[in-house]
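# Coordinates in review
These are the residues of each chain, in order.
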Amino acid sequence: MKDQKPSYLNFDSDKYFWKPDIDYRKHPEKYKVGKGEQGVLICEPYKSEIGKYWRFKNVNIAKESSVKIFELFKEYLANDDFVGADMARKYLQMGFTRARRYFNYKSGKKYDSQNDHKPLQRGTGDPEKEKSAAIFFSKWKEAEADEQYAQMKKDWKKNFG
């Protein structure tokens with residue numbers, strides 16, 4: 001099997017849908033749902049509004065963080081702000097994926113940048129992060145199961161992508 005390299009090595013920001021210089025609250029029509037967590041660390045003002053609460057260091061912090069982000073998710077829905085709701089959902093998903101990464105890899109990195117991006121050894125991470133990941137996973141799935149969100153997402157993808 002050929003060694004896998006991280007996808008970010010071939011990243012082309014010009015082709016990336018999400019741009020840091022767009023205010024997605026003022027121009028929601030420019031927002032794309034995308035795959036998974038794409039755009040989560042770029043789309044303002046949501047990045048700043050939600051990101052400050054995103055933490056997963058331990059179980060208590062993960063609970064507090066996921067509850068707050070889920071509250072923001074519900075607030076965005078109440079205000080018919082699909083972009084905000086989708087971004088909050090992405091932060092919940094990212095809480096799961098990043099905590100899992102720190103459970104799998106001590107440094108949180110999958111590749112050794114000093115050694116031709118060879119994969120690092122799995123199973124070296126913090127067991128506490130597995131519990132944090134489970135907390136975020138539950139809230140992420142709760143957000144995705146929300147009927148209002150699901151309908152808004154379907155409509156958004158049809159109208160804007």
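See above for the structure.
Residues numbered from 1 in each chain as written. Predicted model: local features only at pLDDT ≥ 70, side-chain atom pairs only at ≥ 80, totals over all residues. Heavy atoms only, no water.

### Some points on the overall build of the protein
Within the protein, the regular secondary structure consists of five helices and two strands. The helix and strand sequence of the protein, counted from the amino end, reads α-α-α-β-β-α-α. Buried residues in the protein amount to 38% of all 161 residues. When contacts within the protein are restricted to residue pairs at least 6 apart in sequence, those whose partners lie at least 24 apart make up 64%. (Helix = DSSP H or I, 4+ residues; strand = E, 2+ residues; numbered from the N terminus. Buried < 20%, exposed > 50% of the residue type's maximum accessible area, 1.4 Å probe, protein only. Contact = heavy atoms within 4.5 Å.)

### Some points on the environment of Glu 130
Residue placement: Glu 130 occurs in helix α4 (residues 127-145). According to the relative accessible area criterion, Glu 130 is partly exposed, its value standing at 38%. In this structure the C-alpha to C-alpha distance between Glu 130 and Arg 100, which are 30 residues apart in sequence, comes to 5.8 Å. For Glu 130, the residues in contact, after removing those within four places along its chain, are Arg 100 and Phe 103.

### A look at helix α5 (residues 147-159)
Given a rise of 1.5 Å per residue, 13 residues ought to cover 18 Å, and the 18 Å separating the end C-alpha atoms of α5 matches this to within 8%. All buried positions along α5 are accounted for by Tyr 149, Met 152, Lys 153 and Trp 156. End-on, the buried residues of α5 take up no more than an arc of 105°, which puts them together on one face. In α5, the exposed residues that point more than 90 degrees away from the buried face are Glu 147, Lys 154 and Lys 158. Where the residues of α5 are buried, they touch α2 (59-78), α3 (82-104) and α4. The N-capping residue of α5, defined by a side-chain oxygen 3.0 Å from the backbone nitrogen of Gln 148, is Asp 146. (Expected span 1.5 Å × (residues − 1). Arc of directions from axis to C-beta. Polar contact = N/O pair within 3.5 Å; in protein donor to acceptor, adjacent residues only side chain to side chain.)

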